[in-house]
Amino acid sequence: MSGFAHLHCHTEYSLFEGCIRIEELCSKAAEYKMPAVSITDSGNLFGAMKLYSAAREYGIKPIIGCEINLVPGKITDQDGFNYHLVLLAMDLRGYHNLVKLVSAGWLQGFCYKPRVDKDMLQKYSEGIIALSACLKGEVQYLLRAKGFDQGLEAAMQYARIYPDRFYLELEASGLEEQAEVNERLMEMSEKTGLPLVAANDCRYLTPQDAEAHAVLKCFKSAKCLDEQDLDNLDTKELYFKSPEEMEKEFSHCPAALENVQTIVEQCNLDLGFSKRHLPHYTPSAEDTLDKEIIALARNGLEEKLASLPYAVDREKYFTRLDKELKIICEQGKSWYFLVVYDYVAWAKSRGIAVGPGRGSAPGSMTAYALGITGIDPILHKLHFERFCNTKRAGVVDIDVDLCQERREEVFDYVFEKYGQNSVVYISVFICMRARAVFRDVSLVIGISPEQAERIIQLIPQEPRMTISKAMEMEPALRSIMNDNEKMQRCFDICTRLEGLIRHITSHAARIVISNENLQDYLPLYRGRNHELIAQYDYNDLERLGFPGFDLLGLKYLSLISRTLDLIKASQKQAPDLDKLPLDDAKTFVLIEQGHTDGAFQMEGDGVRQCLIELKPERMQDLAAMFALYRPGPLESGMMSDFIKLRHGRSPAEHFHAEVDNILKETHGMIIYHEQVMEIAHKIAGYSLEDAEIFRRDLSIRKPDVLMQQKEKFIKGATQINLSLETAEQIFGALEMAASYTFLKAHSIAYATIAYQTAFLKAHFPEEFQQAGEIALGQQ
């Protein structure tokens, strides 16, 4: 078998032009024992990193490329006409030039689609191999429209831009025009010595996907296709053909096949993934980042402890802080905390409301001391190891909630501080879901909107719902499909298209901050507000060493800010929200009576009914209810069980005094990740780092891993004098709860915002209502 590989492939990231999923592409290439797999999407590099990573996992060489749109004149021309040209990165220099070229197409040459001109090709030509592309390639187009000499002139121009790196592309597309052009290209090659290369402009994976691809192309224009259209497509040959098929197609031109191997051998891109492109933070007082964070954190904790409304063990707090700082400095993460600290401190200095934290970050004493979070991790029994584990690879991640109305000011500060070219937003890829894909497909193949809507209503509205799963759950759908050939065809097309990328947008909150000019490293495009957006998503950017930061807007922080302003304006004493009594009777009466309109996380009818039944009297009950008010725990009956435990109508299960103590605040129920960790730590002797891994393994539920953890847990528990029966009971309880447990750090933080809004409503109802009409009415 030859070393054939497809060098011209359009994946789902060629929006509405390709329907090949990258994972399936790499799997098929591996099945065919191809030495390489390429991605050449239309005008973009959205899927490039995913192809690169997936190919390497399959042990196949990744070839990163792009089919660019080339204007005949200059990119300043507003003519929508363009040619195609396939470019492949040979090495790191070629990749960076490809990135710059693609970015230029979006940032400078965009007119209906990203475009470049030949001056740009020349400027960024090093390290790149060019193929003459499809029938829309300039050489092919001119051969057909203006004759051999015009096509030859264009080919020689490309050969000068890419010396010894320009190939005339022959395709096995099944199109009559292509067969004619192939003959002319072979004639041109013989006359000029320009090399030929065999390709297929792959748009779908198998021949059976051809009609689904035809339907997909109609999504943009809402063009309709009848059954005759689908039965008589121009070609069904644009699929990922096997090496044997391609050898048969080009048996008359072995040089075109041999040149595929030549190109594969020349393309050796290694991105490394080892370099970190971190933002440059300049210490303000100390000479190193580590000394800076230690000084800021210790001073910050001193101020925190001096203002707390409850007594604490200072030594315990500083011991915890010093332990965390040692880990942070050893792992080289000081820069991350300092960058977040800087924009949070700036926001607070400008009176911009910042939330008490979210996710696992409130478990960090360092974040608390720096003022990044507002939750005392010792008071609430939160663990740093849930946030940053020395035994688990990966960066720390601190999400920050900001006043919705003033969040843009913080973005502006970050862009100004680090430079407009060193901060970008990131992409989010939106997939076609079951209901939406059925609506689109039915429209294209001529099913009436009324009939389609009746069928759509039968598809359950559940996360990750698929057409196949819907038909298993709903007999009426199977009946419709089996009784009608057109419907059967519709469902088949839907199954082939669902899950593909439908839309690309920017992340609402995440940005990349670097010390580099990002236009040199990342393919970029502009959003609706002219903002720069990387063509990669969060995972891609992390692999490439570009750190992300989340600055989220929360309208309830705007509500709080407006309420406090109105209180001050009415000459009343505004409360210090950081020092609120956490057992205020008036606030809890309002909560337990369900009068929580406008209060964060407590507005819906369902949650208010739970509040009325639960009758919380402390923050712990409020946080636990938020952790349980999710589909899984609600459907399993955990919320009802918790309410019964809270009021003593159901007895708590007792395993061991230490476990009872850990579960006391949740009335004997295992609710939080942190409780699982603490039980493993105190009952079975796990370190907190290992306890976090134990918790994660329980939730993933791989049988072999579960068995290993069970053996380790029981061995540890029995070594500290627990009976085998008790150890197995405790492990069983943890295993059962693992699917439903929630992050306590997040629950406590959001319960704090909920409590603050309820407090303001209880004590300052007029100001709260007036502020709510503005802050919440804007959404």
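Residues numbered from 1 in each chain as written. Predicted model: local features only at pLDDT ≥ 70, side-chain atom pairs only at ≥ 80, totals over all residues. Heavy atoms only, no water.

J.: With reference to specific residues and values, describe helix 33 (residues 703-719).
T.: Between its first and last C-alpha atoms helix 33 spans 24 Å; for 17 residues at 1.5 Å apiece the expected length is 24 Å, and the two agree. Among all positions in helix 33, only Leu706, Gln709, Phe713, Ile714, Gly716 and Ala717 are buried. Buried positions in helix 33, seen along its axis, are confined to an arc of 165° and lie on one side of it. Relative to its buried face, helix 33 has exposed residues pointing more than 90 degrees away, namely Asp704, Gln708, Glu711, Lys715 and Gln719. Asn721 occupies a position one or two residues after helix 33 and carries a positive phi of about 75°. (Helix = DSSP H or I, 4+ residues; strand = E, 2+ residues; numbered from the N terminus. Expected span 1.5 Å × (residues − 1). Buried < 20%, exposed > 50% of the residue type's maximum accessible area, 1.4 Å probe, protein only. Arc of directions from axis to C-beta.)

J.: Before we move on, could you go through the pairing of strand 5 (residues 166-171) and cite the residues and values that matter?
T.: Burial of strand 5 is extensive: 6 of the 6 residues sit out of reach of the surface. The pairing of strand 4 (residues 128-131) with strand 5 spans 2 bridges and is classified as parallel. Residue Leu131 lies in a different strand from strand 5, and its bridge partner there is Tyr167. The sheet contact formed by strand 5 and strand 6 (residues 196-199) spans 4 bridges and is parallel. The partner of Glu169 across the bridge, within strand 6, is Val197. (Pairing = 2+ DSSP bridges.)

J.: Tell me about the sheet that holds strand 1 (residues 36-42), residues and numbers included.
T.: Backbone hydrogen bonds are what pair the strands of a sheet, in a parallel or an antiparallel way. Taken in spatial order, the 6 strands of this open sheet run 1-2-3-4-5-6, and their pairing is mixed. Of all the strands in the sheet, just strand 1 and strand 6 have a single pairing partner and so form its edges. Averaged over all adjacent pairs, the angle separating strand axes in this sheet is 30°, with direction ignored. Note: strand 2 (residues 61-70) against strand 3 (residues 83-89), 6 bridges, orientation antiparallel. Within strand 3, the position partnered with Gly65 by the bridge is Leu88. The sheet contacts of helix 6 (residues 148-161) involve strand 2, strand 3 and strand 5, and relative to strand 5 the element is tilted by about 130°. (Axes fitted to C-alpha atoms, helices over the stretch in contact; angles between N-to-C directions. Contact = heavy atoms within 4.5 Å.)

J.: Provide a residue-level description of the pattern of salt bridges, including the pertinent values.
T.: Going through the model one piece at a time under the given rule, you end up with 44 salt bridges. Arg695 is the salt-bridge partner of Glu692, the closest N and O atoms lying 2.8 Å from each other. Note that Glu692 and Arg695 are positioned in helix 32 (residues 688-700) at a spacing of 3 residues, about one turn of the helix. According to the relative accessible area criterion, Glu692 is buried, its value standing at 0%. Overall, Arg695 belongs to the buried group, its relative accessible area being 9%. Three or more residues joined by partner-sharing salt bridges are found here, namely Glu17, Glu67, Asp201 and Arg203. (Salt bridge = Lys/Arg side-chain N within 4 Å of Asp/Glu carboxyl O.)

J.: Which residues make up the packing of aromatic side chains, and what values do they have?
T.: Tallied over the full model, the rule gives 33 aromatic pairs. Ring plane angle 85° and centroid distance 6.4 Å describe the contact between Tyr343 and Phe549, whose orientation is recorded as edge-to-face. Pair noted here: Tyr343 is in helix 14 (residues 334-349) and Phe549 is in strand 12 (residues 548-554), with a separation of 206 residues, a long-range link. Residues Tyr343 and Phe549 agree in their burial class; the two are buried. Here Phe411 and Tyr425 contribute two aromatic rings whose centre-to-centre distance is 5.6 Å and whose plane-to-plane angle is 50°, an arrangement assigned as tilted. With Phe411 in helix 17 (residues 407-418) and Tyr425 in strand 8 (residues 423-431), this residue pair connects regions lying 14 residues apart in the sequence. Each member of the pair, Phe411 as well as Tyr425, is classed as buried. Taken together, the aromatic side chains of Tyr13, Phe46, Trp106, Phe110, Phe429 and Tyr525 make up a single cluster linked through ring pairs. One cation-aromatic arrangement involves Lys118 over Tyr158; the distance from NZ or CZ to the ring centre is 5.0 Å. Across from the ring centre of Tyr418, 5.9 Å away, lies the NZ or CZ of Lys417, which sits over that ring. (Phe/Tyr/Trp six-rings, centres within 6.5 Å; stacked < 30°, edge-to-face > 60°. Lys NZ or Arg CZ within 6 Å of the ring centre and 35° of its normal.)

J.: With reference to specific residues and values, describe unusual backbone geometry.
T.: In this model, Asp164 sits at a positive phi of 60°, which is unusual for a non-glycine residue. With respect to the secondary-structure elements, Asp164 resides in the loop between helix 6 and strand 5. One non-glycine residue with positive phi stands out, namely His667, at about 60°. Within the element layout of this structure, His667 appears in the loop between helix 30 (657-662) and helix 31 (673-684).

J.: Lay out the pairing of strand 6 in plain terms, naming residues and giving numbers.
T.: Burial of the side chains of strand 6 extends over both faces: Leu196 and Ala198 are buried on one face and Val197 and Ala199 on the other. In this fold, strand 5 hands off to helix 7 (residues 176-192), which returns the chain to strand 6; that crossover is right-handed. (Right-handed = clockwise from strand over helix to strand, strands pointing away.)

J.: Outline the packing of helix 8 (residues 210-218) against helix 22 (residues 485-497), listing residues and values.
T.: Closest axis-to-axis distance for the helix 8/helix 22 pair is 9 Å, and the angle between their directions is 80°. The pairing of helix 8 with helix 22 is recorded here as roughly perpendicular in orientation. Contacts between helix 8 and helix 22 involve Glu211, Ala212, Val215 and Leu216 on the former and, on the latter, Arg489, Asp492, Ile493, Arg496 and Leu497. Class assignment for the residues of the contact of helix 8 with helix 22 results in 5 nonpolar, no polar and 4 charged. (Parallel < 35°, antiparallel > 145°, perpendicular 65-115°, else oblique. Nonpolar A, V, L, I, M, F, W, Y, C, P; charged D, E, K, R; others polar.)

Spatial relationships are all this shows, so hold off on functional conclusions.
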